[in-house]
Amino acid sequence: MANDGVHDPVNTGRRRFLSATTAVVGAVGVGFTAVPFIKSWNPSARAKLAGAPVVADISALQEGQRLIVEWRGQPIWIVKRSKAILDALHGLDGRLKDPESDEKDQQPDYVLKQNPELRSIKPDISVLVGLCTHLGCSPEMVAEIRPEPYDPQWKGGYFCPCHKSRFDMSGRVFKDVPAPINLKVPAHHYQDDNTIIIGVDPQGAA
Ligand code: FES
């Protein structure tokens, strides 16, 4: 099977392991607003300790919404981007520190294959570790395309209020902010169209 990260690459043994140990903690929000839960249950203490993979069900995720799951004690953001947001990512390169994601540790190679500026397996679904690369605060999602006090040419993205770092909707960091590098994209793959496994690369991925 092609290693596109979308089809389930997990062998049967690993799937059994996942179903026994993985868990989802989910909350969905639009922009700043937390809206009702999709699902929530907790991994066992043992699974948490082992840093077990996490299963995220994105079947209810709508455009402009963010599902937050916890993996290895970190918030993982899963955001469904609209066409307007995707279009707005074009033309930002000159304003970004690392538009091509040359910093290899910040994402797996397979999220750069289709379109490096999207940093995702599927174009519309962005998966990011929601921790600022400056001092580790969790930035706010400001997904609306409109002038903001901190950026009159704002095209949607993430804003870290503590020291005003900004990232675009692919997690790419802007120039002239304290955060040095792009937000991290965690290892992940699609078990099926609506199920993402956080913490496991697609089979055969480098
Ligand atoms: S932790 Fe984000 S700007 Fe300082």
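Please refer to the structure higher up on the page.
Below: a short report on this structure.

What counts and what doesn't
Residues numbered from 1 in each chain as written. Predicted model: local features only at pLDDT ≥ 70, side-chain atom pairs only at ≥ 80, totals over all residues. Helix = DSSP H or I, 4+ residues; strand = E, 2+ residues; numbered from the N terminus. Buried ≥ 20, exposed ≤ 12 C-beta atoms within 10 Å, placed from the backbone. Contact = placed C-beta atoms within 7 Å. Pairing = 2+ DSSP bridges. Axes fitted to C-alpha atoms, helices over the stretch in contact; angles between N-to-C directions. Core = buried A, V, L, I, M, F, W, Y, C linked by C-beta atoms within 7 Å.

What follows deals with the environment of Gln107. Residue placement: Gln107 occurs in the loop between helix 3 (83-89) and strand 6 (125-129). Its 24 C-beta neighbours within 10 Å are what place Gln107 among the buried residues. Remark: the alpha-carbon pair of Gln107 and Ala187, spanning 80 residues in sequence, is separated by 7.7 Å. With sequence-adjacent residues up to four places away left out, Gln107 is seen in contact with Ser101, Leu112, Arg119, Lys184 and Val185.

Sheet architecture is open: three strands sit in the order 3-11-10, paired in antiparallel fashion. Of all strands in the sheet, those with a lone pairing partner are strand 3 (54-57) and strand 10 (188-192), marking the two edges. Geometrically, the sheet is characterised by an average inter-axis angle of 30 degrees between neighbouring strands, direction not taken into account. Sheet analysis places strand 10 next to strand 11 (residues 195-198), joined by four bridges and oriented antiparallel. Among the inter-strand pairings, His189 is bridged to a residue of strand 11, identified as Ile197.

It is worth spelling out the pairing of strand 5 (residues 74-80) at this point. Pairing of strand 4 (residues 65-71) with strand 5 involves six bridges; the strand directions are antiparallel. Each bridged residue has a counterpart across the sheet, and for Trp71 the counterpart in strand 5 is Gln74. In this antiparallel pair of consecutive strands, strand 4 and strand 5, the connection spans two residues, and Arg72 shows a positive phi of 55 degrees. Sheet topology places strand 5 next to strand 6; five bridges connect them, and they run antiparallel. Its bridge partner being in strand 6, Trp77 is matched across the sheet by Leu128.

A separate point is the nonpolar core. Judged by nonpolar contacts, the single largest core of 39 residues is most densely connected at Ala56, Leu67, Val69, Ile76, Ile78, Ile196 and Ile198. Among the secondary structure elements, those contributing two or more residues to this core are strand 3, strand 4, strand 5, helix 3, strand 6, strand 8 (157-160) and strand 11. Those residues in contact with Ile196 that lie beyond four places of it in its chain are Ala56, Ile58, Ile78, Val127, His188 and Tyr190.

Looking now at unusual backbone geometry. Unusually for a residue other than glycine, Ser101 sits at a positive phi of about 55 degrees. The residue Ser101 is located in the loop between helix 3 and strand 6 in this model. Even without glycine at this site, Arg119 takes up a positive phi of about 50 degrees. By secondary structure assignment, the location of Arg119 is in the loop between helix 3 and strand 6.

What follows is about the sheet that holds strand 9 (residues 165-168). In space, the three strands of this open sheet follow the order 7-8-9, with antiparallel pairing throughout. One side of each edge strand has no neighbouring strand; the edge strands of this open sheet are strand 7 (140-142) and strand 9. Averaged over neighbouring strand pairs, the angle between their axes works out to 25 degrees when direction is ignored. One ladder, built from four bridges, connects strand 8 with strand 9; its direction is antiparallel. Paired with Phe159 across the bridge in strand 9 is Arg166.

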